[in-house]
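Next come the chains, spelled out residue by residue.
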Amino acid sequence: MSLAHPSPPALSRYVASAPLGRFTEDDGTHWGYRDNARRSAKAPLVLLPGALGNGDTAWHVAQAFDAERRVVSVTYPGGRSPAQLVHGLAALLGHLDTGAVALWGSSYGAWWAQHVAAAFPQHVSALWLGNTFVDGADVKASPLFDAAWLDAATDDEVIARWHAALAARPDDLLRSVQLHMLHHGLPAGAFRQRLRQVAHAQAPAAVAAIAGTVICDCEDDPTITPAVRARVRARYPDARHLSLATGGHYPHIVAPQPLIAALRDWLA
């Protein structure tokens, strides 16, 4: 039987080439990761994509750096507080014996990556905050992030609303990835809990101690508006501020080459 909303071929090839590892915290919480386990003198690159789907959505980035450094793409659990995510990731990195890492986060992943850098600066040698927000007020205008609705809706109702919104988009690679991740990327309950955390998000503590911090956004991002971009940048006046002309909210999928070029400069 064919799979409804199958993975795009490029994503399928990545998944087939990179075995999925699993890590369980002491309290039974499960994490997933793909680790190329490459030996390198360079800091490992750890990837934290946004709320929709799993760590595989950053496959373009993982493949771009596969030959030159260790790359770990992370699928993190839903329904966890920022503090729990922070300590879970620290436990995972300890389990993998990564040492200090270059931490790339996108959207929700970048929001809680700030908590990681604040709590465990010794684990983060460089920090990339892409297409992210400050708190729940930044996304409250979207019906997909309506806090009261997310609190009351069932998991199936959340999936149905998101499916309707994504299915209405043009039929392109991003739409295929989004629909695949919505239905197969992670359990519906975990996805809803991630969205609830975004909708109710409080501003994380700004990170002042990480020298290699980059704030990256896209001029055509429909989710992170110019006002939100300005809020994020204002929290990090000493960071490098980078704006990409295209990429929307998912430059790692929509326009990976300019993003990868900027990442190479950051990692250098």
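The rules behind each value
Numbers given for residues are sequential positions, taken from 1 along each chain in its written order. Given that this is a predicted model, residues contribute local features only at a pLDDT of at least 70 and side-chain atom pairs are listed and counted only at 80 or more, while totals for whole chains, interfaces and linings are drawn from all residues. Excluding hydrogens and water, the side-chain figures rest on all heavy atoms present in the structure. Numbering goes from the N terminus for both helices and strands, where a helix is a DSSP run of H or I of at least four residues and a strand is a run of E of at least two. C-alpha atoms define the radius of gyration, and 2.2 Å times the number of residues to the power 0.38 defines the globule rule. Exposure was quantified through the Shrake-Rupley algorithm and a 1.4 Å probe, taking into account, for residues, occlusion by the shown protein chains and nothing else. Neither His nor the chain termini are counted; the positive set is Lys and Arg, and the negative set is Asp and Glu. All charge positions are set by atom: Lys at NZ, Arg at CZ, Asp at CG, Glu at CD. For helices, the fitted line uses only the C-alpha atoms of the stretch in contact; every axis is such a line through C-alpha atoms, and the angle between N-to-C directions lies from 0 to 180 degrees. For classification purposes, an angle smaller than 35 degrees is called roughly parallel, one larger than 145 roughly antiparallel, one from 65 to 115 roughly perpendicular, and anything else oblique. Any two residues having at least one pair of non-hydrogen atoms within 4.5 Å are treated as being in contact. Just so you know the grouping, Ala, Val, Leu, Ile, Met, Phe, Trp, Tyr, Cys and Pro go in nonpolar, Asp, Glu, Lys and Arg go in charged, and all remaining residues, Gly too, go in polar.

Chemist: Sorry, what's going on with the overall build of the protein chain here?
Modeler: What the protein chain contains, in helices and strands, is eleven helices and eight strands. Against the compact-globule benchmark of 18 Å for 268 residues, the protein chain has a radius of gyration of 17 Å, which places it among compact chains. Taken along the three principal axes of its C-alpha coordinates, the protein chain extends 45 × 45 × 40 Å. As displayed, the protein chain offers around 11,400 Å² of accessible surface, 55% of which is attributable to carbon and sulfur atoms. Taking the average location of the 22 positive side-chain charges in the protein chain and that of its 23 negative ones, the two points are 3 Å from each other.

Chemist: How should I be thinking about the packing of helix α6 (residues 155–167) against helix α8 (residues 188–199) in this particular structure?
Modeler: The description of two packed helices rests on the angle between their axes and on the distance between the axes. Two numbers describe how α6 lies on α8: the axes approach to 9 Å, and their chain directions differ by 75 degrees. Overall, the two elements α6 and α8 adopt an arrangement that is roughly perpendicular. Touching D155, V158, I159 and W162 of α6 are A188, G189, F191, R192 and L195, all from α8. Classifying every residue of the contact of α6 with α8 by side-chain character gives six nonpolar, one polar and two charged.

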